[in-house]
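Observations on the model geometry
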Amino acid sequence: MKKIEHIGIAVKNLKTSNALFSKLFGEPAYKIEAVESEGVNTSFFKVGTNKIELLEATTADSPISKFIEKKGEGIHHIAFEVDDIEAEVRRLTLEGFIVLNEKPKKGADNKLVVFLHPKTTNGVLIELCQEIILKE
Ligand code: ZN
């Protein structure tokens, strides 16, 4: 793993939270993106070299709806950047981690993503992400 790529925060209302976090960071979100397959709207903020992702549920059965129902708003996941997501999935599976989706899926911000089950990572939902490089 290379570095923390971003930290994901679950929010009830993206519009309200975008205004709040813009005020906090002194800069607006640089990207707002819907990920329909996950039932979420997302926004991304840059803080120096770090990124913060806000996630709002768009459906009642979205993972973000379930998270907020159980735990309320707050830190939802930590995402780590990897070079070869499939190799990392193989390595982590052999190490005994439970992978939620073995086949990487397209996430927000032009990334392939895989999530690890929090029950094998001390209650922390971990996202692995690899930048999608478009071939010419
Ligand atoms: Zn994320």
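Above this note sits the structure.
Residues numbered from 1 in each chain as written. Predicted model: local features only at pLDDT ≥ 70, side-chain atom pairs only at ≥ 80, totals over all residues. Heavy atoms only, no water.

1. With respect to helix H2 (residues 63-71)
Residues Ile64, Ser65, Phe67 and Ile68 constitute the buried set of H2. Buried residues of H2 fall within an arc of 165° about the axis and therefore sit on the same side. More than 90 degrees from the buried face of H2, the exposed residues found are Glu69 and Lys70. On its buried side, H2 packs onto strand S1 (3-11), strand S3 (40-47), strand S4 (50-57) and strand S5 (74-81). (Buried < 20%, exposed > 50% of the residue type's maximum accessible area, 1.4 Å probe, protein only. Helix = DSSP H or I, 4+ residues; strand = E, 2+ residues; numbered from the N terminus. Arc of directions from axis to C-beta. Contact = heavy atoms within 4.5 Å.)

2. Overview of the coordination of the zinc ion
Each protein donor to the zinc ion is listed here as His6 (NE2), Glu53 (OE), His77 (NE2) and Glu127 (OE); together their distances run 2.1 to 2.2 Å. Coordination at the zinc ion is irregular: its four donor atoms span angles of 81 to 164° at the metal. Along the chain, the residues that donate to the zinc ion are spaced as H-x46-E-x23-H-x49-E. Of the two residues, Glu53 is situated in strand S4 and Glu127 in strand S8 (residues 126-131); the sequence distance between them amounts to 74 residues. By the burial criterion, Glu53 is buried, and Glu127 matches it. (Donors = N, O, S within 2.8 Å, 3.2 Å for Na, K, Ca; no water. Tetrahedral: all angles 85-135°; square planar, octahedral: opposite > 155°, others 65-115°.)

3. Things to note about the pattern of salt bridges
Inspection of every chain in the model, using the stated rule, returns eleven salt bridges. The salt bridge partner of Lys3 is Glu81, with a shortest N-O separation of 3.8 Å. Of this pair, Lys3 sits in strand S1 while Glu81 sits in strand S5; the two residues are 78 residues apart in sequence, bridging distant segments of the chain. Residues Asp109 and Lys31 are paired through a salt bridge, measuring 2.5 Å at the closest nitrogen-oxygen approach. With Asp109 in the loop between strand S6 (105-106) and strand S7 (111-116) and Lys31 in strand S2 (residues 31-35), this pair connects stretches of sequence that are 78 residues apart. Among the residues examined, Asp109 registers a relative accessible area of 7% and is labelled buried. Three or more residues joined by partner-sharing salt bridges are found here, namely Glu5, Lys31, Lys51, Asp109, Lys111 and Glu131. (Salt bridge = Lys/Arg side-chain N within 4 Å of Asp/Glu carboxyl O.)

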